[in-house]
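# Secondary and tertiary structure notes
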Amino acid sequence: MKILLVVKQKKTVETFIATIRVLVERGHSVALAVQEHVDTREAQYRGAVDSPRFSLVRCPAHRVDDWADVARLLRSLRDCAHYQQDAMRNAVKLQARSIQKLREELRVSGDNESVAGALRELPPLQIQRLEAVFGLAERQLPSDPLYDSFLREQAPDVLLLSPLVHFGSAQADFVASARALGIPVGMLLYSWDNLSTKGCLHRPPDWMFVWNERQRAEARALHAFPEDRVVVAGAPRFDAFFELRRRLPREEFHERLGLDPRQPTLLYVCSSQLVSAGEAVFVRKWLAAIRGSAGPLRDCNVIVRPHPDIALLGDEEPFVQIAWPSVRGAKGFVARPFDDPRAIVLKTSDRAQQGLYECLVHSAAVVGLNTSAELEAAIVGTPVYTVFAGDEDADGQSSTLHFHYLLEEQGGCVRSARGLAEHVAQLQAELESPQDRATIRRFAGEFLRPHGIERAVSPLLAEAIERTAAQAGPMETGQSRSPVGVVEAAAAPEVRAASSVVGAGTICSIANERYGYNLHVQATNLRDAERHCRLNKGTLVWLQQLGIGDVVYDIDAGLGIYTLLAAKYHGAVVVAFEPGFASFNALCENVRINGCDGSVIPLPVALADFDGMGELKYPTGLAGWHGHGVKPLPWRVKRSSGEERTVKQPVYAMSLDQVVPRYALPAPHHLRLGNPRTAAQVLAGATGVLKSSTLKTIVFTMPSEESDALAAHLARLDWVVAQHIQLSRKNAHVVLQRAAAGEPVGAATP
């Protein structure tokens, strides 16, 4: 069985990497795609799953077709309606967050609460009507051809997605394409709060793999997802934590922190920004209440552990590194912001979880507002306490649904208090008469490992995926649509003026029915659009070779026509270099109006074979547009160029070999050289890039003699001509690729 797993970000990969390994060991092929791709993680993933049946692939990060704006707005509206259903009427923080995201989508200011209040006035029946309308509209959205093409290329037997539930989720478009192609879809739950805090399930999967029975009920209650399509497997993200054991003696753990091991220790675990945007204020109130108590609680050690995504103290307090000698590599970072010798802030590595384990196992109790660290505490068996902080300090605590799942009164392990006085009394009682830790661990088993607390979840999840995919079919299938395929030749694009006007410019359309292209570009008028937007058939054919997720450097991109085609219709990530002041302005605007700002990096950088001040010289009448030359020239005071026939622009120029590391750009797979006058200089400053094994093709169009000379020069670096098309006006379009082993350099395909 071939399995395609698409996850949103790298932390999700770490949760499921062990499951991937088990699936591969059981003989299945697994392709992994990370939407928020990070090149530096590839070696780590390959090392974790060392098998020829495992592969890393690039996938679309978000929708960019003509329906992209409609889809985002529709889903934002539906998320708002979702949080007004009866089960969520009291989840005011989640309502406010969904409204904030809608306002961001519409780019309007206003007050979240006033909008939320108006929505809460709607009767439940009207909310149901809205949800029905939005659900129907979602089902009528066509699938994105780019997603269709990606799934056809991968041809999986089953598609797995995580987390799928997310505000305006781009993963919903994977489900739509999978439906059209008849590919079964499974959803892997990443976190305990995914089903309640991340919005609506815009496109339901065929199956949902969850942690426990509570989440099965949640899927039905909040998303109307059929229970017989929910598989309870457990929480694989905690497998590694279940395996940890105490490695530090109590004395060494405390003494390296400057704390007294003879005193009991409380661990305060901070929450995410959703729960509290300024938790440091509440921590100080809580610490003052502890110090104002009596008995052993007053003199206890206090360790505050920040949330890994939030700088609790900002820059106000320096951290000092400490180490525990008996455990190799174990270290922490300590700050003392409280003017209290027995209270510290301690950071340890979030990936190497031994530090958190030691904090938990050496603590008499854990205190938190609403955080997943309470689950790690339950695994260790450490008692967990919380206090209702109120909206002033933590407006995302009790106003979120998942907070209540862990409370004792709901069958959980967290003991709650309505105020600090009650909370302090509970902690005092805990120190005097500790809870039974075995009872706390039993809850951890029920919530995280319902098939047995000693059984790792990753193998169980792999078996459940295998069994479910083999035995059950998808809920619904669709007809496969015609692929977005390679065409033999390209007609010239049709450029037509539209009625939309922006500033002094007109938004014009560039359409090509043969390729299915339809762009909108800003130009001063239709004549300028026709002059700047001419495309050649060779470059259009080359675009068809791009793989989804390939990185394209569009050098001297001009208005960005090829940038937009690569990003919008071929799923490429594009770094668009354009130093001309007028062209760069138009490039940025065109990227925005075509919805490509999430996959294009526009850079106003002049690339050359030198580093330093230089000068661009433009042909007559094209100041700031394209066709410039570049040369090194220190800037100096001089008279205005006035009405000179050539216009000059001072720039800071640098080589491509310098730009890539300086700005931490993704390594290119393809180079397009858009300016014949600077192509040779750009390549002269790109020796390192040209030698990179990542680079696949180089494409340019220029006068035939110059193109032949440039190709001959690159032949010395093992680049061969893969395509040579003779164009009108004595120009040639050339595509180069790296010579294969044993291939004679200079081989050409006419």
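Residues numbered from 1 in each chain as written. Predicted model: local features only at pLDDT ≥ 70, side-chain atom pairs only at ≥ 80, totals over all residues. Heavy atoms only, no water.

## Comments concerning the overall build of the chain
A tally of regular secondary structure across the chain gives 27 helices and 29 strands. Residues classed as buried in the chain amount to 56% of the 750 residues present. Taking contacts inside the chain between residues at least 6 apart in sequence as the whole, the part at least 24 apart equals 69%. Surface exposure of the chain reaches about 31,900 Å², of which carbon and sulfur atoms provide 51%. (Helix = DSSP H or I, 4+ residues; strand = E, 2+ residues; numbered from the N terminus. Buried < 20%, exposed > 50% of the residue type's maximum accessible area, 1.4 Å probe, protein only. Contact = heavy atoms within 4.5 Å. Areas by Shrake-Rupley, 256 points an atom, 1.4 Å probe, with all protein chains shown as cover.)

## Considerations on the confidence of the model for the chain
Across the chain, pLDDT averages 86, with 89% of residues at or above 70. In the model, residues 475–493 has pLDDT below 50 throughout and makes 46 contacts with residues more than four positions away in sequence or in other chains. Confidence drops under pLDDT 50 across residues 495–504; counting only partners more than four residues distant or on other chains, this segment forms 23 contacts. (pLDDT = per-residue confidence, 0-100.)

## With respect to helix α10 (residues 213–223)
Along α10, the residues that are buried comprise Q215, R216, E218, A219, L222 and H223. Along the axis of α10, the buried positions cluster into a sector of 160 degrees, meaning they face one direction only. Contacts made by the buried residues of α10 are with α3 (68–82), α9 (194–197), β6 (207–210) and β7 (230–232). Its side-chain oxygen 3.2 Å from the backbone nitrogen of R214, N212 forms the N-cap of α10. (Arc of directions from axis to C-beta. Polar contact = N/O pair within 3.5 Å; in protein donor to acceptor, adjacent residues only side chain to side chain.)

## Here we look at the environment of W211
When you line up the elements, W211 lands in the loop between β6 and α10. The sequence separation of W211 and P236 amounts to 25 residues, and the corresponding C-alpha distance is 8.4 Å.

## Here we look at the pattern of salt bridges
Any two side chains of opposite charge can pair if their charged atoms end up close together. The tally for this structure, following the rule as stated, stands at 24 salt bridges. Put simply, D299 and R298 hold a salt bridge, and the shortest N to O gap is 3.7 Å. Judged by its relative accessible area of 26%, D299 is partly exposed. A salt bridge links R415 to E408; the nearest nitrogen and oxygen atoms lie 2.9 Å apart. Among the residues examined, R415 registers a relative accessible area of 27% and is labelled partly exposed. On the basis of relative accessibility, which here comes to 34%, the residue E408 falls in the partly exposed class. Here the residues in one salt-bridge network are R63, D65, R75, E138, D173 and R203, joined through shared partners. (Salt bridge = Lys/Arg side-chain N within 4 Å of Asp/Glu carboxyl O.)

## What about the sheet that holds strand β13 (residues 365–368)?
The eight strands are arranged β10-β11-β12-β9-β8-β13-β14-β15 in an open sheet whose pairing can be described as mixed. On the outer flanks of this sheet lie β10 (320–323) and β15 (414–417), each paired with one strand and no other. Taken over all neighbouring pairs, the strand axes of this sheet differ in orientation by 30 degrees on average, direction set aside. Judged from the four bridges that link them, strand β14 (residues 384–387) and β15 form a sheet pairing that is parallel. Residue pairing across strands places V387 opposite A417, the latter belonging to β15. (Pairing = 2+ DSSP bridges. Axes fitted to C-alpha atoms, helices over the stretch in contact; angles between N-to-C directions.)

## Some remarks on a nonpolar patch on the surface
Taken together, the side chains of M613, W635, V637 and Y652 define a hydrophobic patch exposed on the protein surface, amounting to about 460 Å² of accessible area. Positionally, W635 belongs in the loop between β24 (629–632) and β25 (647–654). Note on W635: relative accessible area 55%, which makes it exposed. (Patch = residues over 30% accessible without salt bridge, like charges linked within 9 Å, V, L, I, M, F, W, Y side chains within 5 Å.)

## Considering the packing of aromatic side chains
Under the definition given, this model contains twelve aromatic pairs. Consider the rings of F150 and F174, whose centres lie 6.0 Å apart with planes at 70 degrees: the pair is edge-to-face. Here F150, found in helix α7 (residues 145–154), pairs with F174, found in helix α8 (residues 172–181); they are 24 residues apart in sequence, far enough to count as distant. For the residue pair F150 and F174, the accessibility class agrees, reading buried in each case. Members of the aromatic cluster, joined through ring pairs, are W211, F238, F443 and F447. Looking at K347, its charged tip hangs above the ring of F319, at a distance of 4.2 Å from the centre. A cation over a ring is seen here: R449 above F242, with NZ or CZ 3.9 Å from the ring centre. (Phe/Tyr/Trp six-rings, centres within 6.5 Å; stacked < 30°, edge-to-face > 60°. Lys NZ or Arg CZ within 6 Å of the ring centre and 35° of its normal.)

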